[in-house]
Amino acid sequence: MPLLLFDLDNTLLPRDAAYLAWAQDFLEDHHLPADDVNWFATIDGGGYVPRSTVLGAAKHRYGLDHSLEFLLAHYRRGINSHIHCPPSHIAALRSARAAGWTLGIVSNGGTRPQLEKIRRTGLVPLVDGWVISEEARYLKPDPRIFEIAAQRCGVQLTRDWTSHAWMVGDHAPADIAGAEVAGLRSVWLHHGRPWVEPSYRPTLSATGLPEAVGLVLTARNAPTLRPRSHAGVRPQLPSFAIAPVDTSSVGVATS
């Protein structure tokens with residue numbers, strides 16, 4: 001079966017919208033100016049700034065007495081209460097499965113919050129498996145995290161397994177560069193942004209997830225990604241051994 005892997009935040013799930021909804025709640029709860037939501041959007045960095053940095057900056061900006069632990073708990077409850085998987089995304093996943101594709105999630109981030117998103121948004125029965133960087137101890141763009149995802153989805157890592165595999169994501173350095181190094185074809189969700197990376201490119205680009213899935217389904221027989229001259233060079237990332245993981249509860253769909 002062909003394999004279709006997805007990033008989680010801002011690919012399967014509209015994470016930035018949920019973050020801004022939490023920021024609005026935060027400002028209201030603390031009787032702060034509603035216009036400061038723009039400040040929260042800037043400091044967030046699309047989710048790539050550590051939460052401790054974001055919340056620490058908010059604590060300092062507003063002179064809050066709350067501990068970082070309290071603010072982090074507030075953040076996790078708030079963003080997860082707003083996160084959802086749009087009906088159009090659910091329909092796209094179902095159409096891919098109906099067409100015979102195996103589906104998986106590859107997410108950088110903390111195990112607990114990412115797993116909670118997967119469960120709360122109803123993604124568990126829609127995919128065949130998932131991997132989260134913290135529990136896998138590998139981080140996109142390391143190609144090993146894509147290999148783990150494939151294995152958890154039931155794909156055997158044969159010599160040509162990547163010729164039938166795609167990665168869909170919105171973050172170029174993690175999703176698209178990672179797919180290229182791993183030998184996967186890719187679809188970049190541009191969200192209205194221009195492509196600016198000169199050293200690598202996605203196989204295809206799309207405005208959103210439904211379009212991306214449609215492109216993959218129609219391009220199933222597209223030529224396999226050609227190895228680049230530097231294909232044997234892996235990103236300089238920490239080298240970890242894979243920690244034992246109970247895949248029945250962490251990375252393999254069971255319902």
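Residues numbered from 1 in each chain as written. Predicted model: local features only at pLDDT ≥ 70, side-chain atom pairs only at ≥ 80, totals over all residues. Heavy atoms only, no water.

## Let's talk about the packing of aromatic side chains
Per the stated rule, a full pass over the model turns up 11 aromatic pairs. Taking 6.1 Å as the distance between ring centres and 80° as the angle between the ring planes, the aromatic pair formed by Trp39 and Tyr62 counts as edge-to-face. With a gap of 23 residues between them, Trp39 in helix α2 (residues 37–44) and Tyr62 in helix α3 (residues 51–62) connect regions that are remote in the sequence. Trp39 gets classed as partly exposed once you look at its relative accessible area, which sits at 22%. Between Trp195 and Tyr200, the aromatic rings sit 5.6 Å apart at their centres with planes inclined by 85°, giving edge-to-face as the arrangement. Connected via pairs of aromatic rings, a cluster forms that spans Tyr19, Trp22, Phe26, Trp39, Phe40, Tyr62 and Tyr75. (Phe/Tyr/Trp six-rings, centres within 6.5 Å; stacked < 30°, edge-to-face > 60°. Helix = DSSP H or I, 4+ residues; strand = E, 2+ residues; numbered from the N terminus. Buried < 20%, exposed > 50% of the residue type's maximum accessible area, 1.4 Å probe, protein only.)

## Let's talk about the nonpolar core
The biggest cluster of nonpolar side chains holds 48 residues, and the ones touching the most others in it are Leu4, Phe6, Leu12, Phe40 and Leu123. Tallying contributions element by element places helix α1 (residues 15–29) first for this core, with 6 residues. Once residues lying within four places of it in the same chain are set aside, the contact partners of Leu12 are Phe6, Asp7, Cys85, Pro86, His89, Leu93, Ile105, Leu123 and Leu209. With 19 residues, the next largest nonpolar core counts Leu3, Ala136, Ile145 and Ala149 among its residues. (Core = buried A, V, L, I, M, F, W, Y, C linked by side-chain atoms within 4.5 Å. Contact = heavy atoms within 4.5 Å.)

## Some remarks on the pattern of salt bridges
By the definition in use, this model includes 11 salt bridges. Arg15 serves as the salt-bridge partner of Asp44, at 2.6 Å between the closest nitrogen and oxygen. Here Arg15 lies in helix α1 and Asp44 lies in helix α2, a separation of 29 residues in the sequence. What makes Asp44 buried here is its relative accessible area of 3%. (Salt bridge = Lys/Arg side-chain N within 4 Å of Asp/Glu carboxyl O.)

## What about helix α9 (residues 172–182)?
Structural remark: α-helix, 3.6 residues per turn; residues separated by three or four positions point the same way. In terms of residue burial, α9 counts as a mostly covered element, since 9 of its 11 residues are buried. In this structure, the buried residues of α9 make contact with α8 (143–152), β4 (165–169) and β5 (185–189). Positive phi shows up at Gly183, right after α9, with a value of about 90°.

## So, the packing of α3 against helix α4 (residues 68–82)
Packed helices, taken two at a time, are described by the angle their axes make and the gap between the axes. Direction vectors running N to C along α3 and α4 enclose 110°, while the axes themselves pass 10 Å from each other. The angle between the axes of α3 and α4 places the two elements in the roughly perpendicular class. Between α3 and α4 the crossing geometry is right-handed. Facing α3, whose interface residues are Arg51, Ser52, Leu55, Gly56 and Lys59, α4 presents Leu68, Leu71, Leu72 and Tyr75. Of the residues that constitute the contact of α3 with α4, the class distribution is 5 nonpolar, 2 polar and 2 charged. (Axes fitted to C-alpha atoms, helices over the stretch in contact; angles between N-to-C directions. Parallel < 35°, antiparallel > 145°, perpendicular 65-115°, else oblique. Left-handed = near helix turned anticlockwise from the far one by under 90°. Nonpolar A, V, L, I, M, F, W, Y, C, P; charged D, E, K, R; others polar.)

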